[in-house]
Amino acid sequence: MKQGEYMEDFKLARINELYKKSKEEGLTEEEKSEQAQLRSEYIQAVRNNLRGTLNNISLLNPDGTVTELVKKDKH
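Draft legend 1. Focus on the overall build of the protein. A tally of regular secondary structure across the protein gives two helices and two strands. For the protein, buried positions account for 9% of its 75 residues. Accessible surface computed for the protein: about 6800 Å², of which carbon and sulfur atoms make up 53%.

Draft legend 2. Seen up close, the pattern of salt bridges. Within the structure shown, the criterion is met by five salt bridges. In this structure, K21 engages E31 in a salt bridge whose closest nitrogen and oxygen atoms are separated by 2.6 Å. In this pair, K21 sits in helix 1 (residues 3-24) while E31 sits in helix 2 (residues 29-55), placing the two residues ten residues apart along the sequence. Of the residues examined, K21 reaches a relative accessible area of 23% and is grouped as partly exposed. Judged by relative accessible area, which is 15%, E31 ranks as buried. In this structure, K32 engages E29 in a salt bridge whose closest nitrogen and oxygen atoms are separated by 3.5 Å. Of the two residues, K32 and E29 both sit in helix 2, three residues apart, roughly one turn of that helix.

Draft legend 3. Structural detail: the environment of K71. With respect to the secondary-structure elements, K71 resides in the segment after strand 2 (66-68). Taking relative accessible area as the criterion, K71 reaches 66% and is therefore assigned exposed. Between the alpha carbons of K71 and N55 there is a distance of 8.5 Å; along the sequence they are 16 residues apart.

Draft legend 4. Main features of a nonpolar patch on the surface. A grouping of L50, L54, I57, L59 and L69 is seen on the molecular surface, where their side chains present a nonpolar patch of about 390 Å² in accessible area. Among the secondary structure elements, L54 is positioned in helix 2. By relative accessible area, L54 is classed as partly exposed at 31%.

Draft legend 5. Region of interest: the side chain of R14. Of note, R14 is situated in helix 1. For R14, the residues in contact, after removing those within four places along its chain, are E34 and L38.

Draft legend 6. Looking closely at the side chain of Q35. Its location among the elements puts Q35 in helix 2. Contact partners of Q35, with chain neighbours within four places excluded, come to L18, Y19 and L27.

Basis of the calculations
Residues numbered from 1 in each chain as written. Predicted model: local features only at pLDDT ≥ 70, side-chain atom pairs only at ≥ 80, totals over all residues. Heavy atoms only, no water. Helix = DSSP H or I, 4+ residues; strand = E, 2+ residues; numbered from the N terminus. Buried < 20%, exposed > 50% of the residue type's maximum accessible area, 1.4 Å probe, protein only. Areas by Shrake-Rupley, 256 points an atom, 1.4 Å probe, with all protein chains shown as cover. Salt bridge = Lys/Arg side-chain N within 4 Å of Asp/Glu carboxyl O. Patch = residues over 30% accessible without salt bridge, like charges linked within 9 Å, V, L, I, M, F, W, Y side chains within 5 Å. Contact = heavy atoms within 4.5 Å.

Here's what the structure looks like:
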């Protein structure tokens, strides 16, 4: 296991630990802040992973040509 994978596993375990504690006994303000920060980092990592996956998708057209997916501008 790589160092980055361990850290992400550790952060995910900590998110789950804080969630369980919040349901059982509540969190201190410091723990709530930590939970929010970890959740934010996790959501950003998921978005980055999804974006990386989508950036590597190509469509094979019926005529045999390949079309790369491109990010559309928001209106």
